[in-house]
Amino acid sequence: MLENLRRESSLGRDELVELLERPGGYRDLERGTVTFWEFYEFLNDHADYRGSIREFQETWSDFFDGPMPGIEDVLDRVRAQYRIAFLSNSNEIHADVIPRKFSTLFQKDDRFIWSYRFKCAKPDPEMFQRALEVCGALPHHAVFVDDLLENVFAARTLGLKAFQFRDSLQLARELEAEGLLRPER
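Please read these numbers as outputs of a predicted model, since none were measured by experiment. (Residues numbered from 1 in each chain as written. Predicted model: local features only at pLDDT ≥ 70, side-chain atom pairs only at ≥ 80, totals over all residues. Heavy atoms only, no water.)

I tried to follow the overall build of the chain on my own but got confused; where do I start?
Of the regular secondary structure elements, the chain holds eleven helices and four strands. Based on the C-alpha atoms only, the size of the chain along its principal axes is roughly 55 × 30 × 30 Å. Each of the 185 residues in the chain was classed as buried or not, and the buried ones make up 43%. Pairs at least 24 residues apart make up 54% of the contacts formed inside the chain by residues separated by at least 6 positions. (Helix = DSSP H or I, 4+ residues; strand = E, 2+ residues; numbered from the N terminus. Buried < 20%, exposed > 50% of the residue type's maximum accessible area, 1.4 Å probe, protein only. Contact = heavy atoms within 4.5 Å.)

This is the structure in structure tokens:
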């Protein structure tokens with residue numbers, strides 16, 4: 001995705017990464033403080049992005065590689081005991097793409113909690129509080145899994161059991177070791 005953006009702009013890779021981190025960049029998009037259209041204009045103004053809004057939407061949607069091997073099995077095992085909610089630092093485009101592109105991962109009772117809708121994002125404690133409200137759960141009754149360690153630490157400070165995702169097998173083993181998931185037979 002980054003390479004495709006770079007090809008349509010006047011900036012090099014490192015300059016583009018730096019620009020995306022600035023106010024008006026993708027973190028503000030995830031927090032819902034700028035719309036996708038405003039983000040597109042931000043790139044037009046600061047990176048001389050030359051693609052159309054439609055091309056930009058396609059490029060921005062081509063961000064995900066696909067499900068991690070084995071995650072479907074882990075999710076099925078978790079669903080046998082618990083409700084599942086997906087908490088994502090996402091924008092309006094990804095919130096549309098993710099459920100469709102990865103539909104095999106989701107079931108009708110799963111909840112989606114998109115950061116842009118709440119005007120905050122992980123690791124902000126408010127994002128976790130809002131997610132708990134949506135789920136109707138107390139921190140000590142919730143488990144949080146994330147690939148970013150800073151988000152795991154933030155969740156733990158609020159009283160959630162939290163695990164860093166590295167791979168599906170490791171996650172299943174950690175949940176089993178904590179007594180949160182029945183061992184496979």
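Having seen it, we continue.
Sorry, what's going on with unusual backbone geometry here?
Of the consecutive residues lysine 122 and proline 123, the connecting peptide bond is found in the cis state with omega at 10 degrees. Along the chain, proline 123 falls in the loop between helix 8 (115-118) and helix 9 (125-135). Of note, the phi angle at aspartate 48 is positive, near 50 degrees, even though the residue is not glycine. Positionally, aspartate 48 belongs in the loop between helix 4 (36-47) and helix 5 (53-61). What makes aspartate 48 partly exposed here is its relative accessible area of 42%. Of note, the phi angle at lysine 119 is positive, near 60 degrees, even though the residue is not glycine. For lysine 119, a relative accessible area of 52% puts it in the exposed group.

What is the right way to read the packing of helix 6 (residues 71-79) against helix 11 (residues 168-177) from this model?
A pair of packed helices is characterised by two quantities: the angle between their axes and the separation of those axes. Where helix 6 meets helix 11, the closest approach of the two axes is 9 Å, and the angle between their N-to-C directions is 25 degrees. Considered as vectors, helix 6 and helix 11 are oriented roughly parallel to each other. Here helix 6 runs over helix 11; the crossing is left-handed. Packed against helix 6, whose contacting residues are Ile71, Val74, Arg77 and Val78, the element helix 11 presents Ser168, Leu171, Ala172, Leu175 and Glu176 at the interface. (Axes fitted to C-alpha atoms, helices over the stretch in contact; angles between N-to-C directions. Parallel < 35°, antiparallel > 145°, perpendicular 65-115°, else oblique. Left-handed = near helix turned anticlockwise from the far one by under 90°.)

It is not clear to me how the pattern of salt bridges should be interpreted in this structure. Could you clarify?
Note that side chains of opposite charge can pair when their charged atoms are close. Under the criterion given, the structure shown has 14 salt bridges. Between aspartate 146 and lysine 122 there is a salt bridge, and its shortest N-O distance comes to 2.7 Å. In this pair, aspartate 146 is assigned in strand 3 (residues 143-146) and lysine 122 in the loop between helix 8 and helix 9, connecting sequence segments 24 residues apart. Neither aspartate 146 nor lysine 122 differs from the other in exposure class; each is buried. (Salt bridge = Lys/Arg side-chain N within 4 Å of Asp/Glu carboxyl O.)

So what exactly am I meant to see when it comes to helix 6 here?
Within an α-helix, residues lying three or four positions from one another point in the same direction, as the helix has 3.6 residues per turn. Within the span of helix 6, buried status applies to Ile71, Val74, Leu75, Arg77, Val78 and Arg79. At its buried positions, helix 6 is contacted by strand 1 (85-88) and helix 11.

Can you help me understand the pairing of strand 3 in this one?
Remember that side chains alternate between the two faces of the sheet whenever the strand is regular. Side chains of strand 3 alternate between two faces, with Phe144 and Asp146 buried and Val143 and Val145 left unburied. Examined bridge by bridge, strand 3 and strand 4 (residues 161-164) share four bridges and lie parallel to one another. Bridge assignment links aspartate 146 to a residue of strand 4, and that residue is glutamine 164. Following the chain from strand 3 across helix 10 (residues 149-157) to the adjacent parallel strand 4, one finds a crossover that is right-handed. (Pairing = 2+ DSSP bridges. Right-handed = clockwise from strand over helix to strand, strands pointing away.)

What is shown is where atoms sit, not what they do.
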